[in-house]
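Coordinates in review
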Amino acid sequence: MEHITLLLAIVVVTALVFDFTNGFHDTANAMATTISTGALKPKTAVAMSAVLNLVGAFLSVEVAKTISGGIINEEGIRTEVIFAALVGAILWNLLTWLLGLPSSSSHALFGGLIGAAVMSAGWSAVNGPTIVTKVLIPAVAAPLVAGLAAMAATRLTYKIKANPEAKATAKGYRAGQIASAGLVSLAHGTNDAQKTMGIITLALVTQGVVAPGSNPPLWVIVCAGVAIALGTYLGGWRIIRTMGKGLTDLQPQQGFAAQTSAATVILASSHLGFSLSTTQSCSGAVMGAGLGRKGGVVRWSTATRMFVAWGLTLPAAAVVGAGAEFLTKQGPWGIAAVAVLLVAGSGVIWSLSRRKPVDHNNVTADDLDAEPAGVVTTAIAAVTPPPAAGSVAAVADEDLKATIPAPAPTDPTAPPAPAAAV
């Protein structure tokens, strides 16, 4: 680390800030369904996720190697390019967090990196085949595969009557949901923490600190793991609310199916070096689980906003990254201007978020940013048969009815009550 310059130190710190935003932006991936179904209390859920994110950061470096030596050509890339890329990724992460949209932190990073590299050295600086095979194809395939797997798993769980006592079955699924949420957190640390490792390693390569193609140094792995764990513990409550209650209403069986499916897809992709979006995988699994239950629906208005954010993430971050790189090319004053714009933009977004805060106290409240059901949702609900007797849904309905006091018995000998005045 004796070769680290002031600019490189700024880039490393900025990369860790991005890693921190990645942590609280993606906490919902693992814990949104666990919190919404009541399997874990909000603060307990994010603490558990933070610890497992830290552990996951040490399990693999394949994705980090894809970032540091696959997305862009290392030759001729300046350290300022990495800084500009991170600015685009951080600002987009914060903006989508403010709007409560579960967009992809990974694609924000890729977009910023591509935009900054093209502004710096032209289109030849980008490895097109790698982007197609390890970024774009997984971006389309991951949510579809996770969604279909979650839908199939949900339908299977509702057909299997493992326990005739519905309440006991629900408790069993909640326990399974906690375990699967832990698996998603572990997978998230394995995949997403590596992206910051790759960015820092790429910055070290541009300064000649490490050789091209090198694995991330141990201190990089430790710092990236700690940063994403701290961000996860902070909790991205706005996005947790959207994924837990905004897309669909989940029961424990569905939450278990969604999280298990998403974790399987993420871990398999990490092993293969595919830098997919954990957000898209988990969101697809949640929607698949919502459609897998008979009578379950997806709030497509919320899903549509999420799809739009997915489509805009990479190009929007690329534009910001390219603009930031244009400024950094002007010299030290340009770098300082980009830093000031990053701090100012982050401050404005944070101030706007304080107008209507969402935290662990109101993340599951039904009256916060409630969205009316759409036409499709209302129509499906109208023709949905009631849940079968003995099912978890039926038990939940009976529990709800038990909380409503029964009307007082009437005395047949008592005189009739007077008519209400009009």
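Residues numbered from 1 in each chain as written. Predicted model: local features only at pLDDT ≥ 70, side-chain atom pairs only at ≥ 80, totals over all residues. Heavy atoms only, no water.

By the naming in an unreviewed UniProt entry, the protein goes by Phosphate transporter and is assigned to Streptomyces flavochromogenes. The UniProt entry for the protein carries this comment under Subcellular location (unreviewed entry): "Membrane". Here is the UniProt Sequence similarities (unreviewed entry) comment for the protein, exactly as written: "Belongs to the inorganic phosphate transporter (PiT) (TC 2.A.20) family." (UniProt positions renumbered as here; feature names shortened; annotations may be inferred.)

The next subject is the environment of K329. Tracing the sequence through the fold places K329 in the loop between α13 (300–328) and α14 (332–353). By relative accessible area, K329 is classed as partly exposed at 43%. K329 sits 251 residues away from R78 along the chain, and the two C-alpha atoms are 9.8 Å apart. (Helix = DSSP H or I, 4+ residues; strand = E, 2+ residues; numbered from the N terminus. Buried < 20%, exposed > 50% of the residue type's maximum accessible area, 1.4 Å probe, protein only.)

This part takes up the pattern of salt bridges. Scanning all chains against the criterion turns up two salt bridges. Between E80 and R78 there is a salt bridge, with the nearest N and O atoms lying 3.3 Å from each other. The class of E80 is buried, set by a relative accessible area of 16%. Taking relative accessible area as the criterion, R78 reaches 29% and is therefore assigned partly exposed. E325 is paired through a salt bridge with R78; the nearest N and O atoms lie 2.4 Å apart. Of this pair, E325 sits in helix α13 while R78 sits in the loop between α4 (62–69) and α5 (79–98); the two residues are 247 residues apart in sequence, bridging distant segments of the chain. Salt bridges here are not isolated pairs; linked through shared partners, they connect R78, E80 and E325. (Salt bridge = Lys/Arg side-chain N within 4 Å of Asp/Glu carboxyl O.)

What follows concerns the UniProt feature "transmembrane region" (unreviewed entry) in the protein. Taking the numbering used here, the UniProt-annotated feature "transmembrane region" (unreviewed entry) corresponds to residues 43–61, 81–101, 107–126, 135–154, 218–240, 307–327 and 333–352. Helix makes up 100% of residues 307–327 and strand 0%, whereas the separation of the span's terminal C-alpha atoms amounts to 31 Å. A distance of 28 Å separates the end C-alpha atoms of residues 333–352, which is 100% helix and 0% strand.

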